[in-house]
Amino acid sequence: MSESIRSDTDVQILDKDGSVLPDATVPDLDDDTLVEMYAQMRLCRSFDERAVSLQRQGRSGTYSTMLGHEGTLVGSAFALAEDDWIVPYYRDQGATVTHGLPLENILMYYMGHEQGSVIPEDVNVMPICITIADHIPHATGIAWASKLKGEESATVCYFGDGATSEGDFHEGLNFAGVMDTPNLFICMNNQWAISTPFERQTAADTIAQKAQGYGFEGIRVDGMDPLAVYTVTQQAREKALDPDADQARPTLIETLLYRIGAHNTSDDPSAYRGEEEVEEWREWDPLPRLETFLRERGLLDDEEIDAIEERNTEQVEAAVEAAENVTADPEEMFEHVYAEQTQNVREQQEYLRRLREEFGDEQLLED
Ligand SMILES: Cc1ncc(C[n+]2csc(CCOP(=O)(O)OP(=O)(O)O)c2C)c(N)n1
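Anyway, here's the lowdown on the structure attached to this text.

### Some words on the site of the ligand
Consideration 1: The full set close to the ligand counts 15 residues, and Tyr 89, Tyr 90, Arg 91, Gly 162 and Trp 192 are the nearest of them.
Consideration 2: Within the contact set of the ligand, an oxygen atom lies 3.4 Å away from a side-chain nitrogen or oxygen of His 263.
Consideration 3: Look at the ligand: alone it shows 590 Å² of surface, and the protein chains cover 73% of it.
Consideration 4: Split into classes, the residues belonging to the shell around the ligand amount to 8 nonpolar, 5 polar and 2 charged.

### Topic: the state of the cysteines
Consideration 1: Inspection of every chain in the model, using the stated rule, returns 0 disulfides.
Consideration 2: In this model Cys 44 remains outside any disulfide bridge; the closest cysteine sulfur is found in Cys 157, 18 Å from its own.
Consideration 3: Cys 157 provides the cysteine sulfur closest to Cys 129, a residue in no disulfide bond, and the two sulfurs are 8.3 Å apart.
Consideration 4: Cys 129 sits in the buried class, given a relative accessible area of 13%.

### Let's talk about the pattern of salt bridges
Consideration 1: Enumeration over the complete set of coordinates arrives at 19 salt bridges.
Consideration 2: As a salt-bridge pair, Asp 285 and Arg 45 come within 2.7 Å of each other at their nearest N and O atoms. Note that Asp 285 is positioned in the loop between helix H9 (275-282) and helix H10 (286-296) and Arg 45 in helix H1 (residues 31-56), a separation of 240 residues in sequence.
Consideration 3: For Asp 267, the salt bridge is made with Arg 259, and the minimal N-O distance between the two is 3.7 Å.
Consideration 4: By sharing partners, the salt bridges in this structure join Arg 42, Glu 291, Arg 295, Asp 302 and Glu 309 into a single network.

### What about the packing of H1 against helix H11 (residues 302-324)?
Consideration 1: It is the contact of H1 with H11, at a shortest axis distance of 9 Å, that shows an interaxial angle of 45 degrees. With respect to each other, H1 and H11 are oriented oblique. Once H1 is placed against H11, the crossing between them reads as right-handed. Between H1 and H11, the contacting residues are Val 35, Tyr 38, Ala 39, Arg 42, Leu 43, Ser 46, Phe 47, Arg 50 and Leu 54 on the first element and Glu 304, Ile 305, Ile 308, Glu 309, Asn 312, Gln 315, Val 316, Glu 317, Val 320 and Glu 324 on the second.
Consideration 2: Among the residues forming the contact of H1 with H11, the class breakdown is 10 nonpolar, 3 polar and 6 charged.

### Looking at unusual backbone geometry
Consideration 1: At Ala 133, a residue that is not glycine, the phi angle is positive and equals roughly 75 degrees.
Consideration 2: Its location among the elements puts Ala 133 in the loop between helix H4 (103-110) and helix H5 (135-149).
Consideration 3: On the basis of relative accessibility, which here comes to 1%, the residue Ala 133 falls in the buried class.
Consideration 4: The phi torsion at Asp 180 lies on the positive side, around 50 degrees, for a residue other than glycine.
Consideration 5: Within the secondary structure layout, Asp 180 lies in the loop between helix H6 (167-179) and strand E3 (183-189).

### Notes on empty space enclosed by the protein
Consideration 1: Within the structure shown, the criterion is met by 3 cavities of 30 Å³ or more.
Consideration 2: For the largest cavity, the calculated volume is near 50 Å³.
Consideration 3: Taken together, Leu 101, Asn 105, Ile 106, Tyr 109, Gly 116, Ser 117, Ile 119, Pro 127 and Ile 128 make up the full set of residues lining the largest cavity.
Consideration 4: For the second largest cavity, the calculated volume is near 40 Å³.
Consideration 5: Forming the walls of the second largest cavity are Gln 40, Leu 43, Cys 44, Phe 47, Met 66, Gln 93, Gly 94, Val 97 and Leu 103.
Consideration 6: Secondary-structure elements contributing two or more residues to the lining of the second largest cavity are H1 and helix H3 (93-98).
Consideration 7: It is H1 that provides the largest number of residues to the lining of the second largest cavity, a total of 4 residues.
Consideration 8: Of the residues contributing to the lining of the second largest cavity, the split by class is 6 nonpolar, 3 polar and no charged.

### A closer look at a negative patch on the surface
Consideration 1: Taken together, the side chains of Glu 82, Asp 83, Glu 121, Asp 122, Glu 152, Glu 238, Asp 242, Asp 244 and Asp 246 make up a negatively charged region of the molecular surface.
Consideration 2: By relative accessible area, which is 58% here, Asp 122 ends up exposed.

### Brief notes about the nonpolar core
Consideration 1: In terms of nonpolar packing, the biggest core is built from 79 residues, with Leu 107 and Leu 290 touching the most fellow members.
Consideration 2: Ranked by the residues each element gives to this core, the list is headed by H1, at 11 residues.
Consideration 3: Excluding residues within four positions of it along the chain, Leu 107 makes contact with Phe 47, Ala 51, Leu 54, Ala 319, Val 320 and Ala 323.
Consideration 4: If you look at the next biggest cluster of nonpolar residues, it comprises 19 residues, including Phe 185, Ala 211, Tyr 214 and Phe 216.

### Topic: the sheet that holds strand E7 (residues 251-256)
Consideration 1: With parallel pairing, the 5 strands of this open sheet are ordered in space as E1-E2-E3-E7-E6. Sheet topology places strand E1 (85-87) and strand E6 (217-222) at the edges, where each strand pairs with a single neighbour. Across the sheet, the mean angle separating the axes of adjacent strands is 20 degrees when strand polarity is ignored.
Consideration 2: Two elements, E6 and E7, share 6 bridges in a ladder whose sense is parallel. Bridge pairing in E7 places Arg 220 opposite Glu 254.

What counts and what doesn't
Residues numbered from 1 in each chain as written. Predicted model: local features only at pLDDT ≥ 70, side-chain atom pairs only at ≥ 80, totals over all residues. Heavy atoms only, no water. Near = heavy atom within 4 Å. Polar contact = N/O pair within 3.5 Å; in protein donor to acceptor, adjacent residues only side chain to side chain. Areas by Shrake-Rupley, 256 points an atom, 1.4 Å probe, with all protein chains shown as cover. Nonpolar A, V, L, I, M, F, W, Y, C, P; charged D, E, K, R; others polar. Disulfide = S-S within 2.5 Å. Buried < 20%, exposed > 50% of the residue type's maximum accessible area, 1.4 Å probe, protein only. Salt bridge = Lys/Arg side-chain N within 4 Å of Asp/Glu carboxyl O. Helix = DSSP H or I, 4+ residues; strand = E, 2+ residues; numbered from the N terminus. Axes fitted to C-alpha atoms, helices over the stretch in contact; angles between N-to-C directions. Parallel < 35°, antiparallel > 145°, perpendicular 65-115°, else oblique. Left-handed = near helix turned anticlockwise from the far one by under 90°. Contact = heavy atoms within 4.5 Å. 1 Å grid on protein atoms, 1.4 Å probe; cavity = no way out; pocket = protein on both sides within 12 Å on 5 of 7 lines; lining within 4 Å. Points joined across faces, edges and corners; volume = space filled by probe spheres on them. Patch = residues over 30% accessible without salt bridge, like charges linked within 9 Å, V, L, I, M, F, W, Y side chains within 5 Å. Lys, Arg positive; Asp, Glu negative; His and termini not counted. Charge placed at Lys NZ, Arg CZ, Asp CG, Glu CD. Core = buried A, V, L, I, M, F, W, Y, C linked by side-chain atoms within 4.5 Å. Pairing = 2+ DSSP bridges.

Here you go:
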């Protein structure tokens, strides 16, 4: 890591200690919204801790934490309007939840219930994509459709630095450039793609500079600074919907941050990275930075933080209860693969039915 994130980014508003940098402009957000942003980031953290604990107790499957990513996820989602779309991967639940996805959907997904991917009608979020970069061309397609229909809607797609080495990344961004689609591609450069470090991912200095090859703007922002991410996202959204004559609609936003936790609950990062590096980045933690900013403005105190924490705990517990009350039905696995079931999927469904009848669920689950 370089001396300061600042020297590596185009946009940073809060310094490491939460003070506003001398040449920075704080976004024009009212006091309540700023506190809400902080509360939502704290919700992400509480949710993350609970989700990891559920996995450890055998009550949920493998989970990918967003520890260190809260500033990017919440900061960017706060800049969106209800009609905007989010096309997510497995580490951006802080953004999808801020955009209206119920917390229990995330838990149900990781518990293996199909209902986790059933998104409420009025929430413009696509189901989680686990396959790296697969969702990027979909995001371009959705944005292109919005443009053709004349909708006031931008499409935001989140992914990691590892995704930029996949063909789908290049195809999705190239098409977005050619068709001039209202896309925001948010690459969370968290320094690691499981055990592959950033310098093994690309020979380029930054991810943002790759946008030039597709004919649109790329920008690198301090991803652990929610105010900076908010500003950049808001400006990119404005351009996506109403560009000046010389502007292209899409933007590639690289948020420079760090995956403080493990890749997921099956990963042991001590096998490939040192604790020193983690501690160095932990100093940029977005939560204390925003907290200091708010305290110094007189918008937050211990009492308010306790109240936020209490509300968040209740919300997380309600989500756990809702998710654990779901009774899984294996039949659902086959229902939403295609809009109309194919012969192949029907055969697989019938095969599972026969096995269940012959052996019973108890015995099938044993091996
Ligand atoms: C097409 C594909 N190849 C490989 C994998 C296995 N895999 C899961 S996560 C991951 C690393 C992804 O890193 P990055 O895109 O930087 O996202 P991060 O997890 O760091 O947020 C890989 C290779 C996969 N899910 N999909």
